[in-house]
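So the chains spell out like this:
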Amino acid sequence: MDREEAVNRKFPTVYRGLDEQEVRAHLRNMQEEIDKRDEKIRQLEGMLDEKEENLNSFRNVETSINEAILTAQRAGDEAKRTAQARAEEIIRAAEAERERVVDESLARARHIANQTEDMKRQSKIFRARFKMLVEAQLDLLKSDDWDYLLDFDKNLEHRVDDLEAVEKKQDE
């Protein structure tokens, strides 16, 4: 029974007013309808409360997720900053090492170049001295003294003559 039907219901009249049984039956029907509607309202309110709780729960989850995302984003940003700083530190260290290696290599190259020049000078001096030694030895080989030494018979006569000359000088 709907609201309009309950409000507009007509009761038969009897000798002293309305039919009491009809009115009581109608009131019982109305009470049943009201009880059904109250039960329906309680069910709907329960469902609404449950939905509200679910909505609040979802809002809490959403808030927690948003906070977790922000925390993760901050952690990611911090990790990125840390990695960037470490990368810059590694680059600076590598550049310093590169400079050191280049400087060391240049110093070694200069040292080797100086040693090479020194060895060239020493080689020239050695060559000149060796050439002079060989030329001196060649001059010795070309000298007449060798012919004199090699011709033993002539040497013997000269020695005998030299000895006789020395003896004459002593006798005189």
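Colleague: Help me out: how do you make sense of the overall build of the protein chain in this one?
Modeller: In terms of regular secondary structure, the protein chain is built from four helices and two strands. Only carbon and sulfur atoms are counted for the fraction: they give 55% of the accessible area of the protein chain, which is about 16200 Å².

Colleague: What's the story with the packing of aromatic side chains in this structure? I'm lost.
Modeller: Each aromatic ring pair is specified by the distance between its two centres and by the angle formed by the two planes. In this structure the tally under the stated criterion is one aromatic pair. Here Phe-126 and Phe-130 contribute two aromatic rings whose centre-to-centre distance is 5.8 Å and whose plane-to-plane angle is 15°, an arrangement assigned as stacked. With Phe-126 and Phe-130 both in helix H2 (residues 20-142), this residue pair falls four residues apart, about one helical turn. Using a relative accessible area of 57% as the deciding quantity, one classes Phe-126 as exposed.

Colleague: Where do I start with a nonpolar patch on the surface in this structure?
Modeller: There is a patch of nonpolar side chains on the surface, built from Phe-126, Phe-130, Leu-133 and Val-134 and spanning about 410 Å² of accessible area. Relative to the assigned elements, Val-134 resides in helix H2.

Colleague: Honestly, the pattern of salt bridges in this entry has me stumped. Any pointers?
Modeller: Counted by the stated rule, this structure contains nine salt bridges. A salt bridge links Asp-118 to Arg-121; the nearest nitrogen and oxygen atoms lie 3.3 Å apart. Highlighted residues: Asp-118 and Arg-121, both in helix H2, separated by three residues, approximately one helical turn. Linked by salt bridges that have partners in common, Glu-97, Arg-100 and Glu-104 make up one network.

Colleague: I would appreciate a short explanation of a negative patch on the surface in the present structure.
Modeller: Where like charges cluster on the molecular surface, the negative patch consists of Glu-45, Asp-49, Glu-50, Glu-52 and Glu-53. Relative to the helices and strands, Glu-52 resides in helix H2. In this structure Glu-52 comes out as partly exposed when scored by relative accessible area, which is 39%.

Colleague: Got a minute to help me understand the confidence of the model for the protein chain in this structure?
Modeller: Interpretation of this model should avoid reading the predicted coordinates in detail wherever pLDDT is low. Residue-level pLDDT values for the protein chain average 86, and 83% of them are 70 or greater. Per-residue pLDDT, averaged within each element of the protein chain, yields its smallest value for helix H1 (residues 3-7) (65) and its largest for H2 (93).

Conventions used here
- Residues numbered from 1 in each chain as written.
- Predicted model: local features only at pLDDT ≥ 70, side-chain atom pairs only at ≥ 80, totals over all residues.
- Heavy atoms only, no water.
- Helix = DSSP H or I, 4+ residues; strand = E, 2+ residues; numbered from the N terminus.
- Areas by Shrake-Rupley, 256 points an atom, 1.4 Å probe, with all protein chains shown as cover.
- Phe/Tyr/Trp six-rings, centres within 6.5 Å; stacked < 30°, edge-to-face > 60°.
- Buried < 20%, exposed > 50% of the residue type's maximum accessible area, 1.4 Å probe, protein only.
- Patch = residues over 30% accessible without salt bridge, like charges linked within 9 Å, V, L, I, M, F, W, Y side chains within 5 Å.
- Salt bridge = Lys/Arg side-chain N within 4 Å of Asp/Glu carboxyl O.
- Lys, Arg positive; Asp, Glu negative; His and termini not counted.
- Charge placed at Lys NZ, Arg CZ, Asp CG, Glu CD.
- pLDDT = per-residue confidence, 0-100.

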